[in-house]
Each structure stands twice: as structure tokens, then as C-alpha cells.
Amino acid sequence: MRRSKKSAHLCFKANPMHPNYSEILEQYPTFKNSELKNRTFLPSQIERAIKKLKPPFKVNLIGQSVENRNIYSITWGTGPLKIFAWSQMHGDEATGTMALFDLFGFLSIESDASNWLKNNLELHFIPMVNPDGAHYFTRRNAQQIDINRDFLQCLSPEAKILKEYFNKIKPAFGFNLHDQDTLWGIRESKLPATLSFLAPAYNKQLEKGLSRFTAMQVIADIHQKLASLLPGQIGLFDDEYEPRAFGDNFQAGGCATILIEAGGFPNDDEKQEIRKLYFYALLSGIFSICTKNYLNFNEADYLSIPLNTKPLFHLLIKDATMPMVKASIGLNYQEIIDPISRQISKLYSVEDIGDLSPWAAYREVQGKQLSVIGNIKFGNLANFDVLEEGQLLFGFRDGIIY
Ligand SMILES: [Zn+2]
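Residues numbered from 1 in each chain as written. Predicted model: local features only at pLDDT ≥ 70, side-chain atom pairs only at ≥ 80, totals over all residues. Heavy atoms only, no water.

**Student:** Where do I start with the packing of aromatic side chains in this structure?
**Tutor:** Considering all chains together, one arrives at 26 aromatic pairs under this definition. Judged by centre distance (5.1 Å) and plane angle (70 degrees), the ring pair of Trp86 and Phe250 falls under edge-to-face. Of the two residues, Trp86 sits in strand β3 (residues 81-87) while Phe250 sits in helix α9 (residues 246-252), which places them 164 residues apart along the sequence. Comparing Trp86 with Phe250, the two get one shared label, buried. Here the aromatic cluster, defined as three or more aromatic residues joined through ring pairs, consists of Phe84, Trp86, Phe151, Tyr165, Phe166, Phe246 and Phe250. It is Lys163 that lies over the ring of Phe151; its NZ or CZ is 4.2 Å from the centre. (Phe/Tyr/Trp six-rings, centres within 6.5 Å; stacked < 30°, edge-to-face > 60°. Helix = DSSP H or I, 4+ residues; strand = E, 2+ residues; numbered from the N terminus. Buried < 20%, exposed > 50% of the residue type's maximum accessible area, 1.4 Å probe, protein only. Lys NZ or Arg CZ within 6 Å of the ring centre and 35° of its normal.)

**Student:** Sorry if this is basic, but what is going on with the packing of helix α2 (residues 21-31) against helix α10 (residues 272-291) here?
**Tutor:** Look at α2 against α10: their axes get within 11 Å of each other, and the N-to-C directions meet at 125 degrees. In terms of axis orientation, α2 runs oblique to α10. The two elements α2 and α10 meet at a crossing, and its hand is right-handed. In this structure, α2 uses Tyr21, Ile24, Leu25, Tyr28 and Phe31 to contact α10, whose residues at the interface are Arg275, Lys276, Phe279, Tyr280, Leu283, Ser284 and Phe287. Of the residues contributing to the contact of α2 with α10, the split by class is nine nonpolar, one polar and two charged. (Axes fitted to C-alpha atoms, helices over the stretch in contact; angles between N-to-C directions. Parallel < 35°, antiparallel > 145°, perpendicular 65-115°, else oblique. Left-handed = near helix turned anticlockwise from the far one by under 90°. Contact = heavy atoms within 4.5 Å. Nonpolar A, V, L, I, M, F, W, Y, C, P; charged D, E, K, R; others polar.)

**Student:** How should the sheet that holds strand β10 (residues 256-262) be read in this particular structure?
**Tutor:** In any sheet, the strands associate via hydrogen bonds between backbone groups, in a parallel or an antiparallel arrangement. Taken together, the eight strands give an open sheet; going across it, the order is β1-β2-β4-β3-β5-β10-β8-β9, and neighbouring strands pair in mixed fashion. Each edge of the open sheet carries a strand with a single partner, namely β1 (58-64) and β9 (234-236). Adjacent strand axes in the sheet meet at a mean angle of 20 degrees, parallel and antiparallel pairs treated alike. Of the strand pairs in this sheet, strand β5 (residues 173-179) and β10 are connected by seven bridges, and their pairing is parallel. Counterpart to His178 in the pairing with β10 is Glu261. Contacts between helix α7 (residues 157-169) and the sheet are confined to β1, β2 (70-76), β3 and β4 (121-126), with β3 contributing the most and set at about 170 degrees to the helix. (Pairing = 2+ DSSP bridges.)

**Student:** Explain the pairing of β1 here, please?
**Tutor:** In summary, the side chains of a regular strand alternate between the two faces of the sheet. Strand direction decides the pairing type here: β1 and β2, joined by six bridges, are antiparallel. Counted as the bridge partner of Val59 is Ile74 from β2.

**Student:** Mind showing me how you'd approach the coordination of the zinc ion here?
**Tutor:** All of the protein donors around the zinc ion are His90 (ND1), Glu93 (OE), Glu93 (OE) and His178 (ND1); their distances to the metal are 2.0 to 2.7 Å. Written as a sequence motif, the donor arrangement for the zinc ion is H-x2-E-x84-H. Taken as a pair, Glu93 in the loop between β3 and α4 (95-108) and His178 in strand β5 lie far apart in primary sequence, 85 residues in all. In this pair, the class of Glu93 matches that of His178, namely buried. (Donors = N, O, S within 2.8 Å, 3.2 Å for Na, K, Ca; no water.)

**Student:** For this particular structure, what's the right way to read the environment of Asp179?
**Tutor:** Along the chain, Asp179 falls in strand β5. Relative accessible area serves as the criterion here: at 7%, Asp179 is assigned to the buried category. In this structure the side chain of Asp179 is engaged in a polar contact, spanning 2.5 Å, whose partner is the side chain of Thr95. (Polar contact = N/O pair within 3.5 Å; in protein donor to acceptor, adjacent residues only side chain to side chain.)

**Student:** I keep staring at the pattern of salt bridges and nothing clicks. Help me out?
**Tutor:** A side chain with one charge can pair with a side chain of the opposite charge if their charged atoms come near. Under the definition given, this model contains 20 salt bridges. A salt bridge links Glu93 to Arg139; the nearest nitrogen and oxygen atoms lie 3.4 Å apart. Residue Glu93 is located in the loop between β3 and α4, and its partner Arg139 is located in the loop between α6 (131-136) and α7; the two are separated by 46 residues in the primary sequence. The residue Asp239 makes a salt bridge to Arg212 at a minimum N-O spacing of 3.1 Å. (Salt bridge = Lys/Arg side-chain N within 4 Å of Asp/Glu carboxyl O.)

**Student:** I would appreciate a short explanation of helix α5 (residues 112-120) in the present structure.
**Tutor:** Every α-helical turn comprises 3.6 residues, leaving residues that sit three or four positions apart pointing alike. Where α5 is concerned, the buried positions are Ala113, Ser114, Trp116, Leu117 and Lys118. Elements in contact with the buried residues of α5: β2, α4, β4 and α10.

**Student:** Please clarify how the side chain of Thr257 should be interpreted in this entry.
**Tutor:** Checked against the element boundaries, Thr257 lands in strand β10. On the basis of relative accessibility, which here comes to 0%, the residue Thr257 falls in the buried class. A polar side-chain atom of Thr257 sits 2.8 Å from the main-chain carbonyl oxygen of Cys255. The residues contacting Thr257, other than those within four sequence positions of it, are Trp86, Gly174, Asn176, Leu198, Ala199, Pro200, Ala215, Gly247, Phe250 and Gln251.

**Student:** Teacher, can you tell me more about the nonpolar core here?
**Tutor:** Note that soluble globular proteins tend to have their nonpolar side chains buried in a common cluster. The biggest cluster of nonpolar side chains holds 72 residues, and the ones touching the most others in it are Leu117, Phe175, Leu195, Phe197, Leu226 and Phe279. Take this core: its biggest share by element is twelve residues, from α10. Listed in part, the 19 residues of the second largest apolar core include Met322, Val350, Val365 and Phe396. (Core = buried A, V, L, I, M, F, W, Y, C linked by side-chain atoms within 4.5 Å.)

Take a look at the structure:
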């Protein structure tokens, strides 16, 4: 513990306005929050992590969820420029919360970079807006309401808390932290959209007034910093206006709002690699704002980020002989959480059968004389075995792989 703290202390000594990002990433294991190990952590674990934060972090209890779980705000820094980041409005979207706690670890290290940020920024965070959703690992809150469609009416206490906090601090910049469906990807690369961005629209005409334009510039700067780490895996989300969503309304209120969405990454179901890149995106966004480096970017840089599409299956079995046809089978899974063990199981369904050559997958199965035996029914849970030259490769029972 002591050793890692010391080595971390020695870092980030170069010009704080131009941080050495590769050095920061090398040091990442020394400041990441290693108590958050997977996406299914409980609100009580977040509460414990919040209580461990030391000054100059300030923690405030700002309200309670429907089921009386605590919601906290955290502030850091004494500078004039206010930035607000909030995560887990959707309870099963935990990557942004992990990245925030990694950021808190980075900010806790005494360094030229953190001192400079501290003197120039006032950072505000709500690291788990929807603790009931996190407890049940569901998108919605305990009233079954999607908090990110509740800005106008504030039917949920969580939406009210978020809105009131925003109105109280009036930040200049906002980071709205989410996870997206892992099936989003990039058509050109046929790779998952591991991180996606959006400068949300603030009206139906999708105008690009000052706050939105500024958000686009910050995203373009983050994209430039991230591109070499995630080639072909960064996407731009659809910019349809949603009048009930928080990002769209904060943007309309003059806060340059940046939406970040964590998608999928091969062999990273628990998003432990993605959270590091998410932290990196957040940190580079904060530096971009603090240095005003975003002013060097324009709308064309933002629009050069490829649009998210869905070119992926979770599993693609290629050219397999079935009872009636030789074709490919595309399967996707739904995640089901066990409320006691908090283990996630995957329930596979048959999404498509036929010529699936335009698609890629997280896992592709091909081989000599592939055959499939069992109940292969479009739209149903997978219930079949996959064989290569007559030998069993794997099979499904009621959607579960074995
Ligand atoms: Zn979300």
C-alpha cells in the first residue's frame, strides 16, 4: 500500500496542463478502486467507498431513493469553473460509477496535475443516482420509472434530487454517464462501440447553439486522445431530441453536456478494461475543459466519429447444417442476475437464421462440417447442440450454454 502510494506520488510531475497520459495509464493500478470488481456491486459498497473519501473531497447526503437508500453528492476543488458528472441513473449501468471512483483515486494523489485541477475547477459528482435500480440491477427505479425520461414531471424522487442539485450548482459542463447495449458497434470496423459519445440536442431542430457546440468540441478532443487506444471502437450516438431526458434539458439550460456510453469489449463482460478507458475519457475531458484545449476542435472533428450501428451478434454460428437448411445462426443473450449471489447468467435466443454475412460477433463459431441438432426456432431460447464432424462442441438448454 505504502509503496504504491509513494510511486504514484512521484508521477504526473510534468507540465500539469499537458499531462502524460501514458504515464497515468501505467499508474492506473495504483489508484483504481480495486474494491469495485464487477458491475453488480451494491449501493452499500458505494456508500462504503464514499465514506473512505478524505478531504479535500466533501461528501453530502442529498436525499433518499424510493426505498430509502441514500444518494450522495461529492465535491472536490476550489476553482471557479464548475463541472458536474453523474452516473447510474440506470441501475444496471455501472461502468461510469467505477470510472468515477477511479477518478477519485487519481484526484486523491498529491501531484502537480491534481493541484492544478484543484485550483481551477470545482468538480461535483453524484456517483449513483438510482441506488434502488443498482440494488435490483435494473434500468428503472423502484417505481418502474426510467429516471432519464422523468425530467419534466419528476415523478421519481431520484429525478427530483438530480434536477435540484443541478439547479443549485449551475455547472458550466456536465458529464452524463451511462452504459449502452453491447450489440452497438461500428459498421466499418464491425467491432463493438466500446465507448460512445453524444452532445445531446436541446431542441427538435437539432440546432447547434453554444452549449451543444462546446460539448461537441470537448468530445472531439476526448476522441483524439482515445482513438489510438480504441481503434475502430468509438461511436457517436443518435442525436434525436428527447424532451424528457436530463442531458437534453441540461444542454438547453446552457450547460455543455457530454453523454458517455460504455458498450462492450471482447472478453470483458464485467467491463474492467472498459472502466479504465472510461476513466481515461473522463480525465481527458476534464483536462480539455480546464486547459480550454477543446477550442482547437470543430463540428467536423465531432462528426468524423462514426455513427453507432448494430453490426454484431453475441454469438454467430457460421454455415451449420440444420435439419432443413445449411445456414448461419445469430444468437444474442439477455442478462439475468441471481439476487443472492449477484452472478449474471446469459440467456441465449435465436435472433436470425440465414445468410448472415454482413454481421460479426463477439464469438464466431466456424469449422469443418458444423451441424446443429435440436430445437432451432427463430425468436426462441436456444435449445440445441453444436457439433463439429459429429463431435459435440457445446450446446444450449433453455438458453443456457453448457
Ligand atoms: Zn442509461
